[in-house]
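Structural overview
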Amino acid sequence: MDKAVVAVLFGGRSSEHSISSATAGGVLRAIDRDRFAVIPIGITREGAFVLEDDDPDKFALDPGHLPEVVDNGTRIVWPDSVRSRELKVQDADGIRSLGPIDVVFPILHGRFGEDGTIQGFLELLDLPYVGAGLLMSAIGMDKHTTKSVLKAAGVPVVPWVTVTERDLARDHDLWHRRIRSLGLPAFVKPARAGSSVGVSRVSDWSELDAALATAFAEDDTVLVEQAVVGREVECGVLAGRDGEPARVSVAGEIVISGREFYDFDAKYLDAPGIDLVCPADLREGELAEMQRIAVRAFEAVGGEGLARVDFFFTGTEFFVNEVNTMPGFTPISMFPKCWIASGMSYPELISELIDLARVH
């Protein structure tokens, strides 16, 4: 049987470039080479598509090394019409064919990759791709839109205020009063960034302006959310096959013991003070309720590919904090951990995502 050819896309122009590259390293290491041939395509921080090395170690993530796609002088030449799936590469020796591709695996986090832009590009080329489609990606990337859609669908979400730089400049006092109505502590987040980039916890209102400035450095729209006292639990969702309902993993829990919140260093650099516990200690009825809400949230934003649904659990209520349409796949990431605890290996999870894209 011929191997399916998978173009793995990673890097990109967002602030999560290194996280995307590290996730790609994990996928390159674990993908089933008996079933799939891989073409690694890196996207530089300037947006150049380059042919990368098929070397997982090159993209390992540790405190002393944030992996990056550098411009090596090659350029990927995409198909020139929907009649072809042939990929080519141009380098100093000219243009050569890489052959036809069967599916694209866009392991891209943040803007210009997880927000519908690359999905729209692939739709134009009529290339099958892993994960959420254009609309679901765009909704999932924007925290304000996600919350608005979830609230309309009856999914419980944490109270929030959305503010832009223009709003604050026009009426600083009004927006500060609206934000203060949420109470303390509060979290300040860019509307369209992930991996906890630009996120601050505000425990005193004197810290608000600095937190807003940090978030505005990532995006011109910012959310301020009421802090919920409770446990941080998450689960993975996979789209169903052949009309079957979506599948939900067991729950994982982020146990914070020595940090203010689950920040970038804890998520990706294995910093102390955070434990990822999977499966989480939930009663059977609690897990069933969480999984029910996760499916409802997943379907509300589009129900395609995959998602990691993040919750706050107060002990009596589950609040959806975020629906992440391309969660991290690094070795310490929650999404693969939850599916592994549910009985699916890491390579099997990657194969399932590719297969879902091919039959979509």
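Anyway, here's the lowdown on the structure attached to this text. (Residues numbered from 1 in each chain as written. Predicted model: local features only at pLDDT ≥ 70, side-chain atom pairs only at ≥ 80, totals over all residues. Heavy atoms only, no water.)

So, the packing of aromatic side chains
Aromatic ring pairs: the centre-centre distance and the angle between the two ring planes describe each pair. Inspection of every chain in the model, using the stated rule, returns eight aromatic pairs. When the centroid spacing of 5.4 Å and the interplanar angle of 85° are considered together, the rings of Trp78 and Phe121 count as edge-to-face. Here Trp78, found in the loop between strand 4 (75–77) and strand 5 (86–91), pairs with Phe121, found in helix 2 (residues 117–125); they are 43 residues apart in sequence, far enough to count as distant. Taken together, the ring pairs in this structure connect Phe49, Trp78 and Phe121 into an aromatic cluster. Positioned above the aromatic ring of Phe112, the side-chain terminus of Arg13 is 4.0 Å from the ring centre. A cation sits over an aromatic face here: Arg178 above Trp175, 4.5 Å from the ring centre. (Phe/Tyr/Trp six-rings, centres within 6.5 Å; stacked < 30°, edge-to-face > 60°. Helix = DSSP H or I, 4+ residues; strand = E, 2+ residues; numbered from the N terminus. Lys NZ or Arg CZ within 6 Å of the ring centre and 35° of its normal.)

Thoughts on the pattern of salt bridges
Counted under the stated rule, the structure contains 21 salt bridges. Among the ionic pairs, Arg29 bridges to Asp57, the shortest N-O distance being 2.3 Å. Placement of Arg29 in helix 1 (residues 17–30) and of Asp57 in the loop between strand 3 (49–51) and strand 4 is noted, with a sequence separation of 28 residues between them. Neither residue differs from the other here; Arg29 and Asp57 are each classed as exposed. For Asp219, the salt bridge goes to Arg192, with nearest N and O atoms at 2.7 Å. Here Asp219, found in the loop between helix 7 (208–216) and strand 11 (221–226), pairs with Arg192, found in the loop between strand 9 (186–190) and strand 10 (200–202); they are 27 residues apart in sequence, far enough to count as distant. What makes Asp219 buried here is its relative accessible area of 3%. (Salt bridge = Lys/Arg side-chain N within 4 Å of Asp/Glu carboxyl O. Buried < 20%, exposed > 50% of the residue type's maximum accessible area, 1.4 Å probe, protein only.)

Examining the packing of helix 3 (residues 134–141) against helix 4 (residues 143–152)
Relative orientation of the contacting elements helix 3 and helix 4 amounts to 105°, with a least axis distance of 5 Å. If you check the angle between helix 3 and helix 4, you find them roughly perpendicular. Only Lys143, Thr145, Thr146 and Val149 of helix 4 make contact with helix 3, whose side of the interface consists of Ile139, Gly140 and Met141. For the contact of helix 3 with helix 4, the residue count by class is three nonpolar, three polar and one charged. (Axes fitted to C-alpha atoms, helices over the stretch in contact; angles between N-to-C directions. Parallel < 35°, antiparallel > 145°, perpendicular 65-115°, else oblique. Contact = heavy atoms within 4.5 Å. Nonpolar A, V, L, I, M, F, W, Y, C, P; charged D, E, K, R; others polar.)

Observations concerning the environment of Ala191
Among the secondary structure elements, Ala191 is positioned in the loop between strand 9 and strand 10. For Ala191, a relative accessible area of 0% translates into the label buried. Along the sequence, Ala191 and Pro336 sit 145 residues apart, while their C-alpha atoms lie 25 Å from each other. Not counting chain neighbours up to four residues away, the residues in contact with Ala191 comprise Met141, Asp142, Lys143, Asp219, Thr221, Val222 and Leu223.

Quick word on the sheet that holds strand 10
Within the open sheet, the four strands sit side by side as 8-11-9-10. Their pairing is antiparallel. The outermost strands of the open sheet, each flanked by one partner alone, are strand 8 (160–164) and strand 10. Each strand axis lies, on average, 25° off the axis of its neighbour in the sheet, ignoring direction. Direction of pairing for strand 9 relative to strand 10: antiparallel, over a ladder of three bridges. Bridge pairing in strand 10 places Phe187 opposite Arg201. In the packing of helix 6 (residues 172–180) onto the sheet, the strands contacted are strand 8 and strand 11, and the crossing angle to strand 8 comes to about 160°. Where helix 7 meets the sheet, it contacts strand 8, strand 9, strand 10 and strand 11, and its direction lies at approximately 25° from that of strand 9. (Pairing = 2+ DSSP bridges.)

Regarding the pairing of strand 13 (residues 247–256)
Inspection of the sheet shows strand 12 (residues 231–238) paired to strand 13 by six bridges, in the antiparallel sense. Counted as the bridge partner of Leu238 is Arg247 from strand 13.

Let's talk about the side chain of Glu234
For Glu234, the position within the fold is in strand 12. Only 3.4 Å separates the side chain of Glu234 from the side chain of Arg308, close enough to count as a polar contact. (Polar contact = N/O pair within 3.5 Å; in protein donor to acceptor, adjacent residues only side chain to side chain.)

A short note on the environment of Gly328
Position of Gly328 relative to the elements: it lies in the loop between strand 16 (318–324) and helix 10 (334–341). A sequence separation of 20 residues divides Gly328 from Arg308, and the C-alpha atoms of the two residues are 9.2 Å apart. Setting aside residues up to four positions removed in sequence, Gly328 forms contacts with Thr23, His109, Arg308, Ser333, Phe335 and Pro336.

What to know about helix 7
Because each turn of an α-helix spans 3.6 residues, side chains separated by three or four positions end up pointing in the same direction. Here helix 7 has its buried residues at Leu208, Ala211, Leu212, Ala215 and Phe216. End-on view of helix 7: buried residues confined to an arc of 135°, all on one side of the axis. Looking at the buried side of helix 7, the elements it contacts are strand 8, helix 5 (165–170), helix 6, strand 9, strand 10 and strand 11. (Arc of directions from axis to C-beta.)

Brief notes about unusual backbone geometry
The peptide bond linking Leu184 to Pro185 adopts the cis configuration, its omega dihedral lying at -10°. Turning to its location among the elements, Pro185 is positioned in the loop between helix 6 and strand 9. A cis amide bond, omega 5°, links Cys278 with the succeeding residue Pro279. In this structure, Pro279 sits in the loop between strand 14 (274–277) and helix 9 (284–301). Non-glycine residue Phe112 carries a positive phi angle of around 65°. Inspection of the secondary structure assignment puts Phe112 in the loop between strand 7 (103–107) and helix 2. Residue Phe112 is classed as partly exposed on the basis of its relative accessible area of 33%. Notably, Asp242 is not glycine yet its phi reads approximately 55°, a positive angle. Relative to the assigned elements, Asp242 resides in the loop between strand 12 and strand 13.

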